[in-house]
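Coordinates in review
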Amino acid sequence: MPTFLNPGDVHAPVGPYSHTAVVPAGTELVFVAGQVGMRPDGTVPAAFAGQAELTFTNLRACLAAHGLGVDAVAKLTVFIVPQQDFELLRAVREKHFGAHRPASTTVYVPALAAPALLLEVEAEAVRGR
């Protein structure tokens, strides 16, 4: 599993993340493509809350397909369109990630691949051999 460090000469993280992540030698990287709030039937909840919950559920399902949990995530990138409830996003993320604090970046983007999508999350995870 990755290890995390917040250097003492850098500001403390302002959210549920770490500044750095180290992947140990002898492990495999698992890259998870951007996950969105889309159900298996292709439908997308209209509300941001539903999309946020489903996005992290889908991310967890992708990790589980490789025998991993969220604790294996070394880097998380979140893309969000403007005017969405960032505090709700933070609450959903913390619900799914608990105390796990991977290196993380959140980026506001003008739009995602489909107009109905409000959030996308991609991850880089570590699997021991």
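Reference entry: report on the structure contained in this document.

Cut-off values and rules
- Residues numbered from 1 in each chain as written.
- Predicted model: local features only at pLDDT ≥ 70, side-chain atom pairs only at ≥ 80, totals over all residues.
- Heavy atoms only, no water.
- Helix = DSSP H or I, 4+ residues; strand = E, 2+ residues; numbered from the N terminus.
- Expected span 1.5 Å × (residues − 1).
- Buried < 20%, exposed > 50% of the residue type's maximum accessible area, 1.4 Å probe, protein only.
- Contact = heavy atoms within 4.5 Å.
- Phe/Tyr/Trp six-rings, centres within 6.5 Å; stacked < 30°, edge-to-face > 60°.
- Pairing = 2+ DSSP bridges.

With that out of the way, let us pick up helix 1 (residues 48–64). Under the 1.5 Å per step criterion, the end-to-end length of helix 1 is 24 Å for 17 residues, consistent within 8% with the ideal 24 Å. Within helix 1, the full set of buried residues consists of Phe48, Gln51, Ala52, Leu54, Thr55, Phe56, Asn58, Leu59 and Leu63. Residues of helix 1 that are buried make contact with strand 3 (27–36), strand 4 (73–80), helix 2 (86–97) and strand 6 (119–128).

A few words now on the packing of aromatic side chains. All chains considered together, the criterion is met by one aromatic pair. Aromatic side chains phenylalanine 56 and phenylalanine 97 sit 6.1 Å apart centroid to centroid with 85° between the ring planes, which places their arrangement in the edge-to-face category. On the criterion of sequence distance, the pair formed by phenylalanine 56 in helix 1 and phenylalanine 97 in helix 2 is long-range, its members being 41 residues apart. On the accessibility criterion, phenylalanine 56 (1% relative accessible area) is buried.

Burial runs high along strand 4: six of the eight residues are buried. One ladder, built from seven bridges, connects strand 4 with strand 6; its direction is antiparallel. Paired with valine 78 across the two strands is valine 121, which belongs to strand 6. Pairing analysis gives six bridges linking strand 4 to strand 5 (residues 103–108), with the strands arranged parallel.

Positive phi is not limited to glycine here, since glutamine 83 has a value of about 75°. Note that glutamine 83 resides in the loop between strand 4 and helix 2.

Below, the discussion takes up the pairing of strand 6. Every regular strand shows the same layout, with side chains that alternate between the two sheet faces. Summarising the sheet, strand 3 and strand 6 pair through eight bridges and their orientation is antiparallel. Counterpart to glutamine 35 in the pairing with strand 6 is valine 121.

What is shown is where atoms sit, not what they do.
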